[in-house]
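The primary structure of each chain is shown beneath.
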Amino acid sequence: MKPRLIACDIDGTLLMEGQTALPQELSALIRRILDSGIVFATASGRQVVSLWNVFAEFGGEVCHIAENGAIAYVGGELVHRVSLDRVLGEEIAETMLARPECELYVGGIETCYVKPKNPAFVAHLKNNLLFDVTEVESMGEISEPFLKVSAYHEAHDPDGKYWMRRFGNRCNVVVSGTDWVDLTPLGVSKALGVMAICKHLGIDSKDCVAFGDADNDVEMFNLVGHPVAMEWASDAAKAHAVETTSSVADVLSRILDGCE
């Protein structure tokens, strides 16, 4: 059956480590998906500016769920936003700044705020992830709401358990890929972003396909009718999927074969 919406994680799913642009094969498949009348949405922990950059060739045709579901866009229009309590956000941020093993990331609407311990972190955000980055000396310099506060662990060993123990009763704590732990408002996940887009467009979430590879995709997998995990996905993600794949392109091609 032809899905009405396809939601796709980015890092580790659509883009592999080191990739900063869509491979030509995927770009062509997404164009065919859109031309067939299926909505295509990103569903990522990235900021929306990064997603706009990666998918620039499609403009507002592609929907975007960013900051792990704290924000969503349809046709370039903001249709959903949830922010952390400011006092809690600043407490989380100060805790991360005090821990030498991690870098602090505060997600705003169209920029992120950092107080880097290592300049390589800023370079990674700008050059590898295509983020808009604002460096600050204190949290008081940030005038907009905190959508998400994240810890980046350069050593590829994010300590999700520590953050769960410390803040898990006051916000969502989820490991995102291999380097990040994301803290968002209670109830916020990629699923909330998918729900917002579905409501805006009049789509039943069971008529959706979703791709992902990490724990932060589980809620989205539980929402949609056909969740697909990458073969290298976390155990939690695979446990909530109906199939696994080594290639998003293969599954998209199969979907198109059933539509055209």
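Residues numbered from 1 in each chain as written. Predicted model: local features only at pLDDT ≥ 70, side-chain atom pairs only at ≥ 80, totals over all residues. Heavy atoms only, no water.

Student: How should the sheet that holds strand S4 (residues 71-74) be read in this particular structure?
Tutor: Through backbone hydrogen bonds, the strands of a sheet pair up, either in parallel or in antiparallel fashion. Taken in spatial order, the eight strands of this open sheet run S5-S4-S3-S2-S1-S12-S13-S14, and their pairing is mixed. Strand pairing shows two members of the sheet lacking a second neighbour, strand S5 (77-81) and strand S14 (243-245), which therefore form its edges. Neighbouring strand axes in the sheet, compared pairwise and without regard to direction, differ in orientation by 20 degrees on average. Relative to strand S12 (residues 208-212), strand S1 (residues 5-8) is paired through four bridges, and the arrangement is parallel. In the strand pairing of S12, Ile6 is matched with Val209. (Pairing = 2+ DSSP bridges. Helix = DSSP H or I, 4+ residues; strand = E, 2+ residues; numbered from the N terminus. Axes fitted to C-alpha atoms, helices over the stretch in contact; angles between N-to-C directions.)

Student: Honestly, the sheet that holds strand S9 (residues 148-152) in this entry has me stumped. Any pointers?
Tutor: With mixed pairing, six strands are arranged side by side in an open sheet as S8-S7-S6-S9-S11-S10. Unpaired on one side and paired on the other, strand S8 (133-135) and strand S10 (172-176) mark the two borders of the sheet. When strand polarity is set aside, the average angle formed by the axes of neighbouring strands in this sheet is 25 degrees. Helix-sheet contacts for helix H3 (residues 86-97) involve strand S6 (103-107), S9 and strand S11 (180-184), and the interaxial angle to S9 is about 10 degrees. Of the strands in this sheet, S9, S10 and S11 touch helix H5 (residues 160-167), which is tilted by about 170 degrees from S10. (Contact = heavy atoms within 4.5 Å.)

Student: I keep staring at the packing of aromatic side chains and nothing clicks. Help me out?
Tutor: This model, assessed by the stated rule, comprises ten aromatic pairs. Ring plane angle 85 degrees and centroid distance 5.6 Å describe the contact between Tyr105 and Trp180, whose orientation is recorded as edge-to-face. A residue pair is termed long-range when its members are at least 10 positions apart, and Tyr105 in strand S6 and Trp180 in strand S11 qualify at 75 residues. For the pair Tyr105 and Trp180, one class covers both residues: buried. What links up through ring pairs into an aromatic cluster is the set Tyr105, Phe121, Phe131, Tyr152 and Trp180. Sitting over the face of the ring of Trp163, Arg99 holds its NZ or CZ atom 5.6 Å from the ring centroid. (Phe/Tyr/Trp six-rings, centres within 6.5 Å; stacked < 30°, edge-to-face > 60°. Buried < 20%, exposed > 50% of the residue type's maximum accessible area, 1.4 Å probe, protein only. Lys NZ or Arg CZ within 6 Å of the ring centre and 35° of its normal.)

Student: Help me out: how do you make sense of the pattern of salt bridges in this one?
Tutor: Scanning the entire structure with this criterion turns up twelve salt bridges. For Glu90, the salt bridge goes to Arg86, with nearest N and O atoms at 2.8 Å. Taken together, the residues span about one helical turn, with Glu90 and Arg86 both in helix H3 at a distance of four residues. A residue is classified by how much of its surface remains accessible, and Arg86, at 28% relative accessible area, is partly exposed. The salt bridge partner of Glu91 is Arg170, with a shortest N-O separation of 3.0 Å. One end of the pair, Glu91, is in helix H3; the other, Arg170, is in the loop between H5 and S10, with 79 residues separating them in the sequence. Taken together, the salt bridges that share partners define one network made up of Asp9, Lys190 and Asp217. (Salt bridge = Lys/Arg side-chain N within 4 Å of Asp/Glu carboxyl O.)

Student: Got a minute to help me understand the packing of helix H1 (residues 24-35) against helix H9 (residues 248-257) in this structure?
Tutor: Two measures define how a pair of helices packs: the angle their axes make with one another and the distance between the axes. Contact geometry for H1 and H9: axes closest at 10 Å, N-to-C directions at 30 degrees. If you check the angle between H1 and H9, you find them roughly parallel. Seen along the crossing, H1 lies across H9 with a hand that is left-handed. The residues of H9 that touch H1, namely those facing Glu25, Leu26, Leu29, Arg32 and Ile33, are Val248, Ala249, Leu252, Ser253 and Leu256. Residues belonging to the contact of H1 with H9 are distributed by class as follows: seven nonpolar, one polar and two charged. (Parallel < 35°, antiparallel > 145°, perpendicular 65-115°, else oblique. Left-handed = near helix turned anticlockwise from the far one by under 90°. Nonpolar A, V, L, I, M, F, W, Y, C, P; charged D, E, K, R; others polar.)

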